[in-house]
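These are the residues of each chain, in order.
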2 protein chains.
Amino acid sequence: MLAYNVGKDDLKDWLVAETAFNVRNCGKFETIMSLGNGYLGIRSATEEKYCNEKRNTFVAGTFNKFDDTEVSELPNCADVTALKILINDVPLNLNKVEPKEYIRFLNLKTAELTRRFLWETQETGIISFESKRFVSLSDLHLIGQKISVRALSKDVTIDIISGIDGQQTNSGVQHFSDGDKRLFDKKCLQLIQTTTQSRIDFVINMVHNCFINGNKLPDNGRIVMDRRQVSMEYTFSLKKGDELTIEKFASIHTSRDREWIDKEYSLEALRERSWRELVDKSGKGYEYHAQESARAWSQKVWDKANIVIDSIDGRDQLSVRFAQYHLTAMTPAHDNRMNIGAKGLTGEGYKGHTFWDTEIFMLPYFTWHFPEIARSLLEYRYLSLPGAHKKAKENGYDGAMFPWESAWLDEGETTPVWGAADIITGKPTKIWSGFIEQHITSDIVYAVCQYYTITNDQDFMDKYGYELVLDAAKFWASRLEWDEARQQYCINDVVGPDEYKEHVNNNAFTNYMAWWSINKAIEFRDELKASRPELYNRLDEKLGLENAYMLWKERVNKIFLPQPTKDGVLPQDDTYLSKKDIDLTPYKNQTQVGSIFKDYNLEQVNQMQVTKQADVLLLFYLLGDLFEEKVKKASWNYYEPRTLHDSSLSLSTHSILASDFEDKKLAYKLFRQAADIDLGQNMKSSDHGIHAASLGGVWQCVVNGFGGVRVNNGILKIDPHLPDEWNGLKFSIIWRNDRIRVEIDHKNLSLTNETGNNKELEIEVRGNKVTLKNELKLSL
Amino acid sequence: MLAYNVGKDDLKDWLVAETAFNVRNCGKFETIMSLGNGYLGIRSATEEKYCNEKRNTFVAGTFNKFDDTEVSELPNCADVTALKILINDVPLNLNKVEPKEYIRFLNLKTAELTRRFLWETQETGIISFESKRFVSLSDLHLIGQKISVRALSKDVTIDIISGIDGQQTNSGVQHFSDGDKRLFDKKCLQLIQTTTQSRIDFVINMVHNCFINGNKLPDNGRIVMDRRQVSMEYTFSLKKGDELTIEKFASIHTSRDREWIDKEYSLEALRERSWRELVDKSGKGYEYHAQESARAWSQKVWDKANIVIDSIDGRDQLSVRFAQYHLTAMTPAHDNRMNIGAKGLTGEGYKGHTFWDTEIFMLPYFTWHFPEIARSLLEYRYLSLPGAHKKAKENGYDGAMFPWESAWLDEGETTPVWGAADIITGKPTKIWSGFIEQHITSDIVYAVCQYYTITNDQDFMDKYGYELVLDAAKFWASRLEWDEARQQYCINDVVGPDEYKEHVNNNAFTNYMAWWSINKAIEFRDELKASRPELYNRLDEKLGLENAYMLWKERVNKIFLPQPTKDGVLPQDDTYLSKKDIDLTPYKNQTQVGSIFKDYNLEQVNQMQVTKQADVLLLFYLLGDLFEEKVKKASWNYYEPRTLHDSSLSLSTHSILASDFEDKKLAYKLFRQAADIDLGQNMKSSDHGIHAASLGGVWQCVVNGFGGVRVNNGILKIDPHLPDEWNGLKFSIIWRNDRIRVEIDHKNLSLTNETGNNKELEIEVRGNKVTLKNELKLSL
């Protein structure tokens, strides 16, 4: 049972809680309560083990490829969280005997996880249990746990086995070679593991401190080793009323850590240093480190991007904080060689790969609040140009063809080739996105330009941005196919955002975005050639701009751009509108996504007018200026009923467009649905990990949709559409280095430049240009 | 709870039962009830999954090495036994709600596993459940299951998910590359997996037949694929009183199957043939195949080696049947390229490797009852001479130095290098047996000679036996070290059978057995040279016998053979008797083996007069004729109190010697202890698999100990020592192609030559030679 309203006073709308234990919901709470700091992420499996748990620990960017039948994926490294507890020889197990007063909650503010309950069996009497856990944001390698057990009704003997468990796999796939196991100084456990193919060393340390009634006990555990496991075993005698407390600190370091970019890597030195450091840190105790981490969350996240929603339903506030929490926990802000996985660091789903989810759905959050993190994420794309060149070359194209799924910088495409079963043929379905879902290259260009517009970060553009855009345009120019009949350039045989339409020609989203990308390249090239000769020459030398430019100019205006029908509907592709319509009611009302595949296989779905996710409508959101209002509206009316939202990337776009169309009710409903993908009562939807892009989408619903923050021709535009359910919305955004506070209610819009630099900023509100100097209050 | 007395009438002392479900005992029952046919073995995990289960399926001889940090091991292939059952959406789980009238039993006679219980929850009402399972002995690739669920008190909806699950690992180690998954003909699931390093293909098929109240339902399951998994999902509506029955057939074939020795391997052909065959077989139904398998058990095992114990405690009869059952289930009798693992095919312990356990502990069972199987096992050693040569070469020796742990024929040593933690240093302990536990080479020689003596199989000797003995002697001659002071050849720096004494010089067992082996080689060489010139020349050419012989003759009588002290105690090695004695009482009374390591590390134990397992005493058992009775007795009195029996290979030897010493009470007590290693109430002792050698030992206690069957100078000797707890003992043995029935009670010994050939056999009973023609009754 997921509860939203557990936090009171200071903690109101900060706590995500589970108020009754049900082993069937393991996956849900492991995911939504998972802890992370961008360097590492840990699913919140309970201390005691259950059969259907998924105990994952990931370190960002440590990909490994098991063998040639698999693709690179983020490996599930050794677990440090589990703890076996026997009380009078009875294993603590809430499945066997139900707990009382059970609660587990994640405090989004402090990023600390707490779990409490009472447990009673004949053998043990009444036991009170509490555990706390954090993954530190102030010390990226540190994980802390504190477990307290109190014997309330009789004397008990407690056995604890706690250690480092390297038997973890990614659903059966073992990515690590077994390494050395050791106990140092009778105090610090250490286990080494090395990824089998990418040869990344993981050094994992663990220290325990044990207390009875607050008095520290001597280190008298017994070391136990098993295959890929090293643990300590403790036995404690508790008198009735005594409380046993175990503090457990773990650290994870790898040979891919940023520090080794500048310094010669030495496993021996890392081993020695890391265990000694952990012993030192453990001396300061759990609370010290938990507070340090909480302080980092305040300083790095909440103080900077505090979004306040005054709503009749506290879940709205909680949802946006939940999105912000996870967007922080999952994002490797510390290292530009890494990006965000489609499930963050919270599950094995999508193997830790980066998709367009970053650029189109999550990046705006960072661009508007934390531009330095947005920059790091875009730098990852720059650093992964070798992979994009590789993919282009393999496919016979020029320039940068970005992989649909990205892992290593130089690896190129990492999309698996085979997916779920085809219900008709009994064979696995081929996943075409890695071959022909090509809009990702434009999506990156779009994000670079959006970042540039919002931040004015010229240094980024000079070093990375221009090159990315120009290199991408080279790809698109080579990708275009001359259609003799049309006398135009087409883009055939693709998958657009709507993945229920494979092998289509001239997907509107793909074609418009490619056309737009080439135009951007032309624009940048012209600017650079005119005013930045040194930079131009450098890029020309690298990319052969003169030839490329000729091709762009020759082709860009001959690209086939689908045009609206007489009814104003923009065709999603060459054939969509001629496909058969079926009654989608049962699938529109589905409780689980993908229900249509219980009746049809993908080949059949391909032949129907049914859309998985926002496609044409997303194009309107991204490049709205290109289309007339009536085309947007007619297309909305056409596609919305045909869209199943079977992708978690869909609802937020529809919510924002509904806001634009002033359909507040629908906008709010879709926002709530988007927020409920992970934070709702569907206990199965999050098993494989958090829906990272959807969280970015939730934020966009709030700031870009309800808040109405957009950019129009380089000008900041704010057109609020506050839902009727809300009384107010407040947030700050960073616009070109200025921090602007936006406060909205149903009557007024208040803008404050918190930077305090007296700069005059031109802003567009409700179609009118206004000038913000320090503060501005406008009636809506 | 393990129950022994469940079987009545025909089934008396045939059933091993679990009469109350406790999830903590999973490991115990998975092991002792595991099913197998020598080709494949499956731990008997329950249909529904539990957290601490170990769901293993092994195919003999399919070793794989994960990487260079690991050794070759038998990989845990895809599971076919699990079944997820939801009744009115409640998952069947006996941990959550306790069952009533629970029983699970393995019928040793038919090798069928049955499980039954009633289960009641509010949502489901009362449910009766029954499952049956077999691994066919008549069709080595076939596994059958039958699950029946009856809704006793209300209408229910039942969801079943059942399939092939390739997410299994060996404690986290994944030995397989993922292969194709498919549903053929809407009927047969197929999953392919290939070992990562040895590249063995596994083709696994599964067919389901579903019935309600005996009426077969159409095949209308839904296929579900996940990572390394392919399953069928079914939904059934049951009216109150209805019974759902699911028959589930699986087949496993591999590219290492014997058939591919003579025929070109084709994965495609195997895939096609195997799924079609399984569909055909499934048509005959579960009962047909279960009965075929049971018939094979009767014909191949029980009719041939029926041992009858008339005891006041039925467990004695059950124990020897249990031993016979598992010795059959674990032994790859079908393929001489394979041998028996130290845990059979019942667990990951010892990685499927073959030890001296085969030759010294298990082989006698086969030699006396199934000489063709004994021969196949010895042929494995012959075929693995390339590995033995490799090991000798790597260590700088000549001839055949057999590996302590053996997997592939040409691989040589496969003992892992690192073991459990040293409690003092915190580092893993080095496992020395792979380097210096060298008596295995003599153990094989001993077994060859014993087999030859008992069977007179001259064909075996000509093809394999002589060469094995001669090649082994070459090793031993090169292994001897000249001791200048002693003016004798020593064997220094070894581990003897007592593994608590590492790096000792002149371990009595090792030296005597080496000396004996060289003498055997000399004897065979002399015989062959004199009377089998052709064979002699072939072997001389292969082995360089002339040079080898010179060395043997020169050295054999200069080998240092430890001599008894003035008290008649044969020193275990050069230093044992001078080491310190400690009070061993707490460890002699231990409930778990290895308790001494809670107080001392191996280095410390090395310095004490404490013995892990029969060492000198085993020498007396194997080469009894070499030692005077008073030396044996004095040594027994010395070593027995100092032996902790921390190896399961120890108790049976002590029991047999106690029988020899007429200490019937102790002999029986030690027999029971040996039988209880797996079949006792210790719920933890069998977690990693069955104690294969101990089962051979249990049989030896009965036939060689209580039955008193031995060979003395080539003559069959029968000196029964029936325990007071027994009224009689009956068994048949094969002596040189004659099948002799032995019936013993406290007064008489009856011998019958069941072969009916009127041959006159000279037999020694109680020191007197008697002649058996057809039948002979002797008073004892």
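Residues numbered from 1 in each chain as written. Chains lettered and ligands numbered in written order. Predicted model: local features only at pLDDT ≥ 70, side-chain atom pairs only at ≥ 80, totals over all residues. Heavy atoms only, no water.

### Topic: the overall build of chain A
Across its full length, chain A carries 20 helices and 32 strands. Computed over its C-alpha atoms, the radius of gyration of chain A comes to 27 Å, within 12% of the 28 Å expected for a compact globule of 780 residues. For chain A, the spread of C-alpha atoms along the three principal axes comes to 85 × 60 × 55 Å. Considering chain A as a whole, with its 780 residues, one finds that 66% of them fall into the buried category. In chain A, 68% of the contacts between residues at least 6 apart in sequence involve partners at least 24 apart. Split by element, the accessible area of chain A, about 27400 Å² in all, is 47% carbon and sulfur. (Helix = DSSP H or I, 4+ residues; strand = E, 2+ residues; numbered from the N terminus. Rg over C-alpha atoms; globule rule 2.2 N^0.38 Å. Buried < 20%, exposed > 50% of the residue type's maximum accessible area, 1.4 Å probe, protein only. Contact = heavy atoms within 4.5 Å. Areas by Shrake-Rupley, 256 points an atom, 1.4 Å probe, with all protein chains shown as cover.)

### Digging into the confidence of the model for chain A
With 100% of its residues at a pLDDT of at least 70, chain A reaches an overall mean of 96. The ipTM value of the predicted complex is 0.93, and its pTM value is 0.95. (pLDDT = per-residue confidence, 0-100.)

### Describing the pattern of salt bridges
Residue and element names in this part refer to chain A. If you walk through the whole model with that rule in mind, you get 127 salt bridges over all chains. Between Glu272 and Arg276 there is a salt bridge, and its shortest N-O distance comes to 2.6 Å. In this pair, Glu272 and Arg276 are both assigned in helix H2 (residues 267-282), 4 residues apart and thus about one turn of the helix distant. In this structure Glu272 comes out as partly exposed when scored by relative accessible area, which is 34%. For Arg276, a relative accessible area of 43% translates into the label partly exposed. Look at the salt bridges and you will find they share partners, linking Asp313, Arg315, Asp316, Arg672 and Asp676 into a network. (Salt bridge = Lys/Arg side-chain N within 4 Å of Asp/Glu carboxyl O.)

### Some thoughts on the environment of Val445 of chain A
Residue and element names in this part refer to chain A. Mapped onto the secondary structure, Val445 falls in helix H9 (residues 440-455). Look at Val445 and you get buried, because its relative accessible area is 1%. Residues in contact with Val445, not counting those within four places in the same chain, are Val469, Ala472, Trp516 and Ser517.

### Digging into the relation of the copies chain B and chain A
For these two chains of identical sequence, chain B goes onto chain A by a turn of 180 degrees and a shift of 0.0 Å along the axis, with RMSD 0.0 Å. The relationship between the two copies is best expressed as a two-fold rotation axis. Scanning chain B for the C-alpha nearest the rotation axis identifies Cys51 of chain B, at a separation of 2.0 Å. A shared binding surface is used by both copies, with 100% of the interface residues of chain B retained as interface residues in chain A. (Least-squares fit on C-alpha atoms with pLDDT ≥ 70 in both.)

### Structural notes on the sheet that holds strand E3 (residues 35-36) of chain B
Residue and element names in this part refer to chain B. If you trace the 3 strands from one edge of the open sheet to the other, you get E3-E4-E5, paired in antiparallel fashion. Every other strand in the sheet has two partners, leaving E3 and strand E5 (57-59) as the edge strands with one partner each. The pairing of E3 with strand E4 (residues 40-42) spans 2 bridges and is classified as antiparallel. Residue Gly36 lies in a different strand from E4, and its bridge partner there is Gly41. (Pairing = 2+ DSSP bridges.)

### Describing a nonpolar patch on the surface
A cluster of nonpolar side chains, namely Val417, Trp418 and Phe435 of chain A, defines an oily patch on the protein surface of about 290 Å² accessible area. As for its placement among the helices and strands, Trp418 of chain A is situated in strand E21 (residues 418-421). (Patch = residues over 30% accessible without salt bridge, like charges linked within 9 Å, V, L, I, M, F, W, Y side chains within 5 Å.)

### Let's talk about the pairing of strand E32 (residues 775-779) of chain A
Within a regular beta strand, the side chains point alternately toward one face of the sheet and then the other, so they alternate between its two faces. Residue and element names in this part refer to chain A. What you see with E32 is a clean split: Leu776 and Leu778 sit on the buried side and Glu775, Lys777 and Ser779 on the side with no burial. When strand E29 (residues 748-753) meets E32, the two strands line up antiparallel, connected through 5 bridges. Of the residues in E32, the one forming a bridge with Leu751 is Leu776.

### With respect to the interface of chain B and chain A
With 47 residues of chain B at the contact, the number on the chain A side is 48 residues. Between chain B and chain A, a total of about 3700 Å² is buried, with carbon and sulfur atoms accounting for 50% of that surface. For the pair chain B and chain A, the number of links is 10 salt bridges. A salt bridge links Arg227 of chain B to Glu70 of chain A; the shortest N-O distance between them is 2.9 Å. At the boundary of chain B and chain A, one finds 16 residue pairs in polar contact (both at pLDDT 80 or more). Counting residues per element, the ones that place at least two in the side of chain B that touches chain A are strand E7 (90-91), strand E13 (176-184), strand E17 (222-226) and strand E21 (418-421) of chain B. No other element matches the 7 residues that E13 of chain B contributes to the side of chain B that touches chain A. Split by residue class, the side of chain B that touches chain A holds 16 nonpolar, 13 polar and 18 charged. (Buried area = accessible area lost by both parts, 1.4 Å probe. Polar contact = N/O pair within 3.5 Å; in protein donor to acceptor, adjacent residues only side chain to side chain. Nonpolar A, V, L, I, M, F, W, Y, C, P; charged D, E, K, R; others polar.)

### Considering empty space enclosed by the protein
Under the counting rule described, the total for this entry stands at 13 cavities of 30 Å³ or more. Of the voids in this model, the largest cavity is the one considered here, and its volume is about 110 Å³. Gly61, Phe63, Asn339, Gly341 and Gly352 of chain A are, among the 17 residues lining the largest cavity, the residues nearest its centre. For the lining of the largest cavity, the residue count by class is 9 nonpolar, 7 polar and 1 charged. One number sums up the size of the second largest cavity: a volume of about 90 Å³. Lining of the second largest cavity is provided by 17 residues; of these, Gly61, Phe63, Met338, Asn339 and Gly352 of chain B occupy positions nearest its centre. A breakdown of the residues in the lining of the second largest cavity according to their chemical character gives 10 nonpolar, 6 polar and 1 charged. (1 Å grid on protein atoms, 1.4 Å probe; cavity = no way out; pocket = protein on both sides within 12 Å on 5 of 7 lines; lining within 4 Å. Points joined across faces, edges and corners; volume = space filled by probe spheres on them.)

### Points about the packing of helix H18 (residues 651-660) of chain A against helix H20 (residues 692-706) of chain A
Residue and element names in this part refer to chain A. At a minimum axis separation of 9 Å, H18 and H20 run at an interaxial angle of 10 degrees. As judged from the angle between their axes, H18 and H20 are roughly parallel. Contact residues: H18 offers Ser652, Ser655, Ile656 and Ser659, while H20 offers Gly697, Val698, Gln700, Cys701, Asn704, Gly705 and Phe706. Broken down by class, the residue content of the contact of H18 with H20 amounts to 4 nonpolar, 7 polar and no charged. (Axes fitted to C-alpha atoms, helices over the stretch in contact; angles between N-to-C directions. Parallel < 35°, antiparallel > 145°, perpendicular 65-115°, else oblique.)

### Remarks on the side chain of Asn704 of chain B
Residue and element names in this part refer to chain B. Along the chain, the position of Asn704 falls in helix H20 (residues 692-706). A polar contact of 2.9 Å, which involves the side chain of Asn704, links it to the backbone oxygen of Val709. When sequence neighbours within four positions are dropped, the list of residues in contact with Asn704 reads Pro364, Trp368, Tyr621, Ile656, Trp699, Val709 and Arg710.

### Let's talk about the sheet that holds strand E25 (residues 709-712) of chain A
All names here are of chain A. Ordered by their spatial adjacency, 4 strands build an open sheet running E25-E26-E30-E31, and the pairing between neighbours is mixed. Both edges of this open sheet fall to E25 and strand E31 (768-772), since each of them pairs with a single strand only. In this sheet, adjacent strand axes meet at a mean angle of 40 degrees when their direction is disregarded.

### Observations regarding H20 of chain B
All names here are of chain B. Under the 1.5 Å per step criterion, the end-to-end length of H20 is 20 Å for 15 residues, consistent within 8% with the ideal 21 Å. The largest bend in H20 amounts to roughly 35 degrees and is located at Gln700. Counting buried residues along H20, 15 of its 15 residues qualify, which places the element largely inside the surrounding structure. A positive phi of about 70 degrees marks Gly708, the residue just after H20. (Expected span 1.5 Å × (residues − 1). Bend = angle between axes of the 7 residues up to and from the residue.)

### Overview of the pairing of E21 of chain B
Residue and element names in this part refer to chain B. Note that E21 and strand E22 (residues 428-430) share 2 bridges and pair antiparallel. Within E22, the position partnered with Ala421 by the bridge is Pro428. In this antiparallel pair of consecutive strands, E21 and E22, the connection spans 6 residues, and Gly426 shows a positive phi of 80 degrees.

### Let's talk about the packing of aromatic side chains
Residues and elements named next belong to chain A. Going through the model one piece at a time under the given rule, you end up with 88 aromatic pairs over all chains. Both rings, one in Phe671 and one in Trp726, keep their centres 5.7 Å apart while their planes meet at 85 degrees; by these two values the pair is edge-to-face. In this pair, Phe671 is assigned in helix H19 (residues 664-679) and Trp726 in strand E27 (residues 726-735), connecting sequence segments 55 residues apart. Across the pair, Trp726 and Phe671 agree in class, each one buried. (Phe/Tyr/Trp six-rings, centres within 6.5 Å; stacked < 30°, edge-to-face > 60°.)

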